[in-house]
Amino acid sequence: LQQAGLAGKVRFIAFDASEGLINGLSDGSVSGIVLQDPGSIGYQSVKTMVAHLRGEEVAPVVSTGEHVATQENMGQEPIASLLNPPKFDR
C-alpha cells in the first residue's frame, strides 16, 4: 500500500503486531491489528485439557481472547499490553 501510494487511503487490517505495524497504527496507515492473547491462550488450553482428561464435555471451539487494536484504543488496556508485551531476558 505504501509503494502504491494508498497507505491511509485503503483500510488495512493486519494480524499480530510488529514494530512496523504498530507505527502504522500510530500514523494511520494501518487501520487495525488483530491481536491474540497468549496468556489467555495458555490458560484456556490447560483448562480445556484438564476438563477433557477428567471426562468432562468440552466445547468444540473455545475463544482465547481475540482483540482488535485501533488508533483510538492502542493506549488502553488490554490492547496496550498486547501490542507491547513484557520482554523477559534469560
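Look above for the structure.
Counting restarts for each chain, with residues numbered from 1 along the sequence as it is written. Per-residue local features of the predicted model are confined to residues with pLDDT of at least 70, and side-chain atom pairs are confined, for both listing and counting, to 80 or more; whole-chain, interface and lining totals are unaffected and use all residues. Neither water nor hydrogens contribute to the side-chain values; these are computed over all heavy atoms in the structure.

A 1.4 Å probe rolled over the protein chains alone gives each residue an accessible area, and that area as a share of the maximum for its type sets the label: buried under 20%, exposed over 50%, partly exposed in between. Runs of E in the DSSP output that reach at least two residues are strands. Runs of H or I that reach at least four are helices, and both are numbered from the N terminus. Within the sequence span of helix α1 (residues 19–27), burial applies to L21, I22, G24 and L25. All buried residues of α1 project into a common sector of 160 degrees when viewed along the axis, lining one side. For α1, exposure combined with an orientation more than 90 degrees from the buried face picks out E19, G20 and D27. Contact definition: two residues touch when any of their heavy atoms are within 4.5 Å. Looking at the packing, one finds that the buried side of α1 touches β1 (13–15), β2 (32–35), β3 (67–69) and α3 (79–83). A positive backbone phi angle near 90 degrees is found at G28, which sits one or two residues after α1. The directions from the helix axis to the C-beta atoms are what the arc is built from.

This part covers helix α2 (residues 38–53). Here the expected span of a helix is defined as 1.5 Å times the quantity of residues minus one. With 16 residues, α2 extends 22 Å from end C-alpha to end C-alpha; this agrees with the ideal 22 Å at 1.5 Å per step. All of the buried residues in α2 are S40, Q44 and A51. Taken down its axis, α2 places every buried residue within 30 degrees of arc, on the same side. In α2, the exposed positions angled more than 90 degrees off the buried face are occupied by P38, G39, V46 and L53.

This brings us to the nonpolar core. The term nonpolar core refers to a set of buried residues drawn from Ala, Val, Leu, Ile, Met, Phe, Trp, Tyr and Cys, joined through side-chain atoms within 4.5 Å. If you look at the biggest cluster of nonpolar residues, it comprises twelve residues: A14, L21, I22, L25, V30, I33, L35, A69, M74, I79, L82 and L83. Those elements that place two or more of their residues in this core are α1, β2 and α3. Once residues within four sequence positions are removed from consideration, L21 is found in contact with F12, A14, D16, V30 and I33.

On the surface, a cluster of nonpolar side chains totalling about 290 Å² of accessible area is made up of L1, L6, V10 and F12. Relative to the helices and strands, V10 is located in the segment before β1. Each patch groups residues whose relative accessible area exceeds 30% and which form no salt bridge, using 9 Å between like charges and 5 Å between nonpolar side chains of Val, Leu, Ile, Met, Phe, Trp and Tyr. Note on areas: Shrake-Rupley, 1.4 Å probe, and residue coverage restricted to the protein chains presented here. Salt-bridge detection follows one rule: a side-chain nitrogen of Lys or Arg within 4 Å of a carboxyl oxygen of Asp or Glu.

Spatial strand order, β1-β2-β3: three strands in an open sheet with mixed pairing. The open sheet terminates on both sides in strands that have one partner only, identified here as β1 and β3. This sheet shows a mean twist of 30 degrees between the axes of neighbouring strands, independent of strand direction. In the sheet, β2 pairs with β3 via three bridges, with the strands oriented antiparallel. Along β3, the bridge assignment pairs I33 with A69. Whether two strands pair depends on DSSP finding at least two bridges between them. Lines are fitted to the C-alpha atoms to define the axes, a helix being fitted only along its stretch in contact, and any angle between axes, read from their N-to-C directions, falls within 0 to 180 degrees.

What is shown is where atoms sit, not what they do.
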